[in-house]
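# Chain and residue survey
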Amino acid sequence: MKLTLLGTGNAAATACYNTCFVFSNDGQHFLVDTGGGNQILKALQEAGIPLPDIHDIFITHEHLDHILGLFWMIRMIGKKMNQGEYEGALNIYCHSELIDKLCAIANQMMTPDVLRQIGRNILFVAVEHGDQLKLLDSDITFFDIESAQAKQLGFTVITRDGIKIACCGDEPYNPVNEEYIRECDWLMHEAFCLSEEADLFKPYEKHHSTVKDACQTAELIGVPNLILYHAEDSHLQDRKRLYTEEGSRYYSGTLHVPDDMEVFEI
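Residues numbered from 1 in each chain as written. Predicted model: local features only at pLDDT ≥ 70, side-chain atom pairs only at ≥ 80, totals over all residues. Heavy atoms only, no water.

Turning our eyes to something else, we now look at the pairing of strand β8 (residues 138-144). Across the seven residues that make up β8, a large majority, six, are buried. One ladder, built from four bridges, connects strand β7 (residues 132-135) with β8; its direction is antiparallel. In the sheet register, K134 faces β8, and the bridge partner there is D139. Between β7 and the antiparallel strand that follows it, β8, lie two residues; L136 among them carries a positive phi value of about 55°. Examined bridge by bridge, β8 and strand β9 (residues 153-158) share six bridges and lie antiparallel to one another. (Buried < 20%, exposed > 50% of the residue type's maximum accessible area, 1.4 Å probe, protein only. Helix = DSSP H or I, 4+ residues; strand = E, 2+ residues; numbered from the N terminus. Pairing = 2+ DSSP bridges.)

This is the structure:
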């Protein structure tokens, strides 16, 4: 299993792309969120993932930095379908309340030739708390993160080799989801900013964590590998070093602070 962080930034980031990533295995791909614009197309191109090879997209929640790239995906893939350059269906997974919103936006934005593919070959598939899918020869389970803002789903992936990856979405880990997070080998957790910069970036007002918070959580859970993402970009070139320095004071496992396009072998 390969994990590519296409984007690592929070909603306000401009020096890097908004957080989205893709799991890949044996030529199959599972794209999680799409960022806030058509840069998703460039990111996938740089990752060497052609649009016709993407058949499964999961959208965690409705915020703009997670959904706007989806409409570029729908537009470009819909046109490829019309031109006979895309085989099979595109499945877009999200919770049922979000489907209506995404379809409403698509109906206002898309041309008729693309719209006719929605419901035919572009399929919105509702997933809810506890639902499971079999993708990439792996077991994926979704869970409601009990967001204080918009409804949001996180998920776990258990690979065919038994490796468990947990994604908490873009809010702090909620202990109500302990049954899904326990015994994970990799934890993906948001880290909005350094603890010393909390007064500047105000993560708690936005229901986010500092690096310190995320690392303390991972240490408490006992997860051996931690990936931090959804971060500010004010000092992007030094972010990896600064976040690692702060995080290593509170977390004894292997800490990863990826840049855009960084790849992990799971």
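Moving on: the sheet that holds strand β10 (residues 164-167). One open sheet holds the seven strands; their spatial order is β7-β8-β9-β10-β11-β12-β13, and the pairing between them is mixed. At either end of the open sheet lies a strand with only one pairing partner, and these are β7 and β13 (254-256). Across this sheet, the average inter-strand angle for adjacent strands is 20°, counted without regard to direction. Both β10 and strand β11 (residues 186-190) contribute to a ladder of three bridges, which runs parallel. Across the sheet, A166 pairs through a bridge with L187, a residue of β11. (Axes fitted to C-alpha atoms, helices over the stretch in contact; angles between N-to-C directions.)

All right, on to the packing of aromatic side chains then. Throughout the structure, instances matching the rule amount to eleven aromatic pairs. Taking 6.1 Å as the distance between ring centres and 80° as the angle between the ring planes, the aromatic pair formed by F23 and F155 counts as edge-to-face. Separated by 132 residues along the polypeptide, F23 in strand β2 (residues 20-25) and F155 in strand β9 bring together distant segments of the chain. This pair shows no difference in class: F23 is buried, exactly as F155 is. Here W186 and F264 contribute two aromatic rings whose centre-to-centre distance is 6.0 Å and whose plane-to-plane angle is 65°, an arrangement assigned as edge-to-face. Remark: F264 occurs in strand β14 (residues 262-265) and W186 occurs in strand β11; sequence separation between them is 78 residues. The exposure class assigned to W186 is buried, which follows from its relative accessible area of 10%. (Phe/Tyr/Trp six-rings, centres within 6.5 Å; stacked < 30°, edge-to-face > 60°.)

This paragraph deals with helix α7 (residues 211-221). Residues spaced three or four apart along an α-helix face the same direction, because each turn holds 3.6 residues. Within α7, the full set of buried residues consists of V211, A214, C215 and A218. Seen from one end, α7 has its buried residues packed into an arc of 95°, which puts them on one side. Residues of α7 that are buried make contact with β11, β12 (225-229), α8 (236-247) and β13. In the segment just after α7, G222 is the residue with positive phi, at about 85°. (Arc of directions from axis to C-beta. Contact = heavy atoms within 4.5 Å.)

The sheet built from seven strands is open, its strands ordered β6-β5-β4-β3-β2-β1-β14 with mixed pairing. Each edge of the open sheet carries a strand with a single partner, namely β6 (122-126) and β14. Neighbouring strand axes in the sheet, compared pairwise and without regard to direction, differ in orientation by 20° on average. Summarising the sheet, strand β5 (residues 90-94) and β6 pair through five bridges and their orientation is parallel.

Function cannot be read off these values alone, since they describe shape.
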